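# Fold and geometry: a report
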Amino acid sequence: MKILLVCSAGMSTSLLVTKMKKAAEGKGIDAEIFALSAGEGKKILKNVDLVLLGPQVRFMKNEFVKLADVPVDVIDMLAYGRMEGEKVLNQALALLEQK
């Protein structure tokens, strides 16, 4: 599974990506999780299974929903602020189950 995290510059989510990868490994989940800026993220939407937007770019949700043929949601603000990788991973998994 490929999970794209989108933020304004592609940098602020790097710590969260690391924590999500660690949580996925702990659960035995094979996941490719990475962060990109909104502009770069739009270019690869056909190659991912899920898009999670950082709270700072939540205003772009409707745009990503129209462009992507995969689930799109905004990362829980509290989980993002606390860099709770497992909680964000669980959010991603729940969205994929609804697909």
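Quick caveat, the model's predicted, so the values are computed rather than measured.

### Here's the deal with the pairing of strand 3 (residues 50–53)
- Taking every second residue as pointing to the same face, both faces of strand 3 are buried, with Leu-50 and Leu-52 on one and Val-51 and Leu-53 on the other.
- In this sheet, strand 3 lies alongside strand 1 (residues 2–7) in parallel orientation, the contact comprising 4 bridges. Looking across to strand 3, one finds that Ile-3 is bridged to Leu-50.
- Judged from the 3 bridges that link them, strand 3 and strand 4 (residues 72–74) form a sheet pairing that is parallel. Bridge assignment links Leu-53 to a residue of strand 4, and that residue is Val-74.

### Details of helix 5 (residues 85–98)
- Helix length check: helix 5, at 14 residues, gives a terminal C-alpha distance of 20 Å against a target of 20 Å (1.5 Å per residue), a fit within 8%.
- Of the residues making up helix 5, those classed as buried are Gly-85, Val-88, Leu-89, Gln-91, Ala-92, Leu-95 and Leu-96. The buried residues of helix 5 occupy an angular sector of 155° when the element is viewed end-on, so they sit on one face. Exposed side of helix 5, more than 90 degrees from the buried face: Glu-97 and Gln-98 are the residues found there.
- Of the surrounding secondary structure, the elements contacted by the buried residues of helix 5 are strand 1, helix 1 (14–26), strand 2 (32–37), strand 3, strand 4 and helix 4 (77–81).

So, how was this worked out
Residues numbered from 1 in each chain as written. Predicted model: local features only at pLDDT ≥ 70, side-chain atom pairs only at ≥ 80, totals over all residues. Heavy atoms only, no water. Buried < 20%, exposed > 50% of the residue type's maximum accessible area, 1.4 Å probe, protein only. Helix = DSSP H or I, 4+ residues; strand = E, 2+ residues; numbered from the N terminus. Pairing = 2+ DSSP bridges. Expected span 1.5 Å × (residues − 1). Arc of directions from axis to C-beta. Contact = heavy atoms within 4.5 Å.

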